[in-house]
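# Descriptive structure summary
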Amino acid sequence: MTRQPGWADRAAGVLLGTAAGDALGAGYEFSYPGPDLPIGMIGGGPFDWAPGEWTDDTAMTLAVARVTATGADLTSTAGLDAVAAGFGEWFDSHPKDIGNQTRQVLGVRDGNAAAMTRTAQQVTGRKGGNGSLMRTAAVGLAYLDDGPGCARAAQMVGALTHDDERAVQACQLWSHAIGQAVRTGTFSGVRGYLDLVGGPVADFWTRRLDEAQSADPQSFSKNGWVVHALQTAWWAITNAGEQGNARHLAAALELAVRAGGDTDTTAAIAGALLGARWGASAVPAAWRRLLHGWPGMSARDLVRLGLLTARGGRDDQLGWPSAPRLRYEGCDTGREPVRHPHDDGVWLGGYDAAFGGDFDAVVSLCRMGAEPLVADHIEFWLVDDGWAANPNLSFVLNDAARTIRELRARGRTVLVHSVEGRSRTPSVAARYSRHLGGDPRDVLAAMPWADPNPQLWSVASGQDRRYAD
Ligand SMILES: [Mg+2]
């Protein structure tokens, strides 16, 4: 099972997509927004969330992800016990919102995973809530190269609180699909999983997926039930506009919220798969900047945990994402920043300038260490290479340029930088020029050392019209 180019961006997008859907839906839980109501990350809702605050869906996902980010095996006693302990820690934080089944199980506080699983088996009444599916994202990410391990882990993590055949199947299907999306950048794992398992499980879910793609969400409106929750997520993914480009992620999350009901959960479920398909680079900066929640984390923590999980707990050769500050050996990182030719409140430079404290905001276009900056810090996922390494290139360039404009509208001074400021920095500066109506070629005159990747430059400067703005 090979990982196709861009897999790291997609791995980083899984938890981020979950949280984005969760926080988007949180303000609309139990409501049915009409087609004309704008959907925004506004907070509020029945539990009075702050704008961008994620809820139990992401919190429980992170209780799993903190374990997978160490490289631990979720199917081992130690791994599953660590997840159970994390659920307990979250429960003890007195969360505002907690599902009925989960509350019944975690309220018993029996210590380890085996006991928790037994407690879940003793729950009576309806047991097929969506509470295990909503937190399965990290499972798909942790077993990218191990299909049978993914299915086992999805079953075991789900069964900690949800002893239900359909809930287990849903977790296995979605975890597989998330892994396949990270590997290949497609949604093929949703149907592909059913081809793998066959039999009555495949028959059941094939009918449900067909219904989700073709029917109205009123046909599967009891989305507190795991089956209808998965159908609502798949309905939103397959029926949203912007199919085939990075804007699909936000469009599908908004549509999931419009379906109504358990909006934070259906959008979190959709978000895990959308983030896996489109990557962290497809999650708009305006959303990333707002995201926060238990256990005191923000968007860049989600990226870090996602990457570590997909890499079996290891950093890359630079020490990213765990090292406090990265050392770009052999690179000219110390260049003095220069002013943008069309906006003298925007500066263009290299890596070292990000740490000087001379700017209100820092827009980073390269890998950064874990150490927080003094300045307001916004990161964009750009690889110093061409189209193939940047599948969402035009989206990212526009998202960065828009973000710079918003910062400037609030009077902030902004540093835009990459490692050396030779390729990605002039490219984003060129896109910003176009947003301002200036000539992108002036950027190259202002930065005589610039030597942008020709593909980056042609898209950023608007020479390449195949890439819509
Ligand atoms: Mg929730």
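Residues numbered from 1 in each chain as written. Predicted model: local features only at pLDDT ≥ 70, side-chain atom pairs only at ≥ 80, totals over all residues. Heavy atoms only, no water.

### Concerning the overall build of the chain
Counted only if it meets this: Numbered from the N terminus, helices here are DSSP runs of H or I no shorter than four residues, and strands are runs of E no shorter than two. Atoms counted for the radius of gyration: C-alpha only. Globule rule: 2.2 Å times the number of residues to the power 0.38. Buried, partly exposed and exposed residues are distinguished by accessible area as a fraction of the type maximum, computed with a 1.4 Å probe on protein chains only: under 20%, between the cut-offs, and over 50%, respectively. Should any heavy atoms of two residues lie within 4.5 Å, those residues are counted as being in contact. Computed with a 1.4 Å probe, the accessible areas rest on the Shrake-Rupley method; for each residue, only the protein chains presented here act as cover. In this tally, Asp and Glu contribute negative charge and Lys and Arg positive charge; neither His nor the terminal groups of the chain are included. Every charge is mapped to an atom, namely NZ of Lys, CZ of Arg, CG of Asp or CD of Glu.
Regarding its fold elements, the chain presents 19 helices and seven strands. Taking 23 Å as the expected radius of gyration for a compact globule of 469 residues, we find that the chain reaches 22 Å, a close match to that expectation. By its C-alpha atoms, the chain is 70 × 45 × 45 Å across when sized along the principal axes. Within the span of the chain, comprising 469 residues, buried residues form 59% of the whole. Within the chain, counting contacts between residues at least 6 apart in sequence, those at least 24 apart form 69% of the total. In the form shown here, the chain has an accessible surface area of approximately 17600 Å², with 49% of it arising from carbon and sulfur atoms. Side chains of the chain give 43 positive and 52 negative charges; the mean places of these two sets differ by 2 Å.

### Topic: the packing of aromatic side chains
Remark: the centre distance and the inter-plane angle together describe each pair of aromatic rings, the angle taken between the planes. To keep things clear, this is the line we draw: Only Phe, Tyr and Trp rings take part, Trp by its six-membered ring, and two of them pair if their centres are within 6.5 Å. Stacked means planes under 30 degrees apart, edge-to-face means over 60, and tilted covers everything else.
Counting across every chain of the model gives seven aromatic pairs. Ring geometry for Phe-47 and Trp-49: centres 6.0 Å apart, planes at 55°, overall tilted. Overall, Phe-47 belongs to the partly exposed group, its relative accessible area being 24%. Judged by its relative accessible area of 6%, Trp-49 is buried. Between Phe-187 and Trp-234 the ring centres are 6.3 Å apart and the planes differ by 80°, which places this aromatic pair in the edge-to-face class. Of the two residues, Phe-187 is situated in the loop between helix H8 (165–184) and helix H9 (189–197) and Trp-234 in helix H11 (residues 226–239); the sequence distance between them amounts to 47 residues. Its relative accessible area of 18% is what places Phe-187 among the buried residues. Put simply, the rings of Tyr-328, Tyr-351 and Phe-355 touch in pairs and so form one group of aromatic residues.

### Focus: the sheet that holds strand S6 (residues 376–379)
Two orientations exist for strands paired in a sheet by backbone hydrogen bonds: parallel and antiparallel. Definition in use: Two strands are counted as paired when DSSP detects at least two bridges linking them. As a rule, the C-alpha atoms of each element are fitted with a line to give its axis, helices using only the stretch in contact, and angles between N-to-C directions run from 0 to 180 degrees.
Taking strand neighbours across the sheet as the criterion, the five strands line up as S3-S4-S7-S5-S6 in an open arrangement whose pairing is mixed. Looking along the sheet, the strands with just one partner apiece sit at the ends: strand S3 (338–340) and S6. Between one strand axis and the next, the sheet turns through 30° on average, direction left out of account. Note that strand S4 (residues 343–349) and strand S7 (residues 414–417) share four bridges and pair parallel. Across the sheet, Val-346 pairs through a bridge with Val-414, a residue of S7. Helix-sheet contacts for helix H17 (residues 424–436) involve S3, S4 and S7, and the interaxial angle to S4 is about 160°.

### Quick word on helix H2 (residues 56–68)
Count 3.6 residues to each turn of an α-helix, and residues three or four apart come out pointing the same way. Inclusion rule: One less than the number of residues in a helix, times 1.5 Å, gives the span that helix is expected to have.
For H2, built from 13 residues, the straight-helix expectation of 18 Å at 1.5 Å per residue is met to within 8% by its first-to-last C-alpha distance of 18 Å. For H2, the buried fraction is high: twelve of the 13 residues fall into the buried class. Buried within H2 are the following residues: Asp-56, Asp-57, Thr-58, Ala-59, Met-60, Thr-61, Leu-62, Ala-63, Val-64, Ala-65, Val-67 and Thr-68.

### Comments concerning the UniProt feature "binding site: Mg(2+)" (unreviewed entry) in the chain
Basically, it comes down to this: UniProt positions are given in the numbering used here, feature names are shortened, and annotations may be inferred rather than shown by experiment. With a 1 Å grid spanning the protein atoms alone, the term cavity applies to any set of points in which a 1.4 Å probe fits but cannot get out, the term pocket to an open set with protein on both sides within 12 Å along at least five of seven lines, and the term lining residue to any residue with an atom within 4 Å of a point. Identification of polar contacts relies on pairs of N or O atoms within 3.5 Å, with a donor-acceptor requirement for protein atoms, meaning one able to donate a hydrogen and the other able to accept it, and with residues adjacent in sequence counted only if both atoms are side-chain atoms.
Here the UniProt feature "binding site: Mg(2+)" (unreviewed entry) sits at Thr-55, Asp-56, Asp-57, Asp-262, Asp-264 and Thr-265. Maximum C-alpha separation among the annotated residues is 12.1 Å over a sequence range of 211 residues, consistent with a single clustered spot. Of the annotated positions mentioned, Asp-56, Asp-57, Asp-262, Asp-264 and Thr-265 line the second largest pocket. In this structure, Asp-56 sits in helix H2. If near-sequence neighbours (up to four positions away) are discounted, Asp-56 is found in contact with Trp-90, Asp-97, Ile-98, Gly-99, Met-134 and Asp-264. Among the polar contacts made by the side chain of Asp-56, one reaches the side chain of Thr-55 at a distance of 3.0 Å.

### Some points on the domain arrangement of the chain
The following threshold applies: Residue ranges for the domains originate in an automatic or database domain assignment. Accessible-area loss on putting two parts together, using a 1.4 Å probe and summing over both, is the definition of buried area adopted here. One speaks of a salt bridge when a side-chain nitrogen belonging to Lys or Arg is within 4 Å of a carboxyl oxygen belonging to Asp or Glu. Three residue categories are used. Nonpolar comprises Ala, Val, Leu, Ile, Met, Phe, Trp, Tyr, Cys and Pro, charged comprises Asp, Glu, Lys and Arg, and polar comprises the others, including Gly.
Per the domain assignment, the segments making up the chain are domain 1 (7–310) and domain 2 (338–460). Listed as interface residues are 17 residues of domain 1 and, on the opposing side, 17 residues of domain 2. For the pairing of domain 1 and domain 2, the buried interface totals around 1300 Å² over both sides, and the portion due to carbon and sulfur atoms is 50%. When the buried area of domain 1 at its contact with domain 2 is split by residue, Ser-281, Arg-289 and Arg-300 rank highest and sum to 47% of it. Residues Arg-300 and Glu-379 are paired through a salt bridge, measuring 2.8 Å at the closest nitrogen-oxygen approach. The interface formed by domain 1 and domain 2 holds eight residue pairs in polar contact (both at pLDDT 80 or more) in total. Listed by contribution, the elements that provide at least two residues to the side of domain 1 that touches domain 2 are helix H1 (7–25), helix H14 (285–288) and helix H15 (299–310). Looking at the side of domain 1 that touches domain 2 residue by residue, the class counts come to eleven nonpolar, one polar and five charged.

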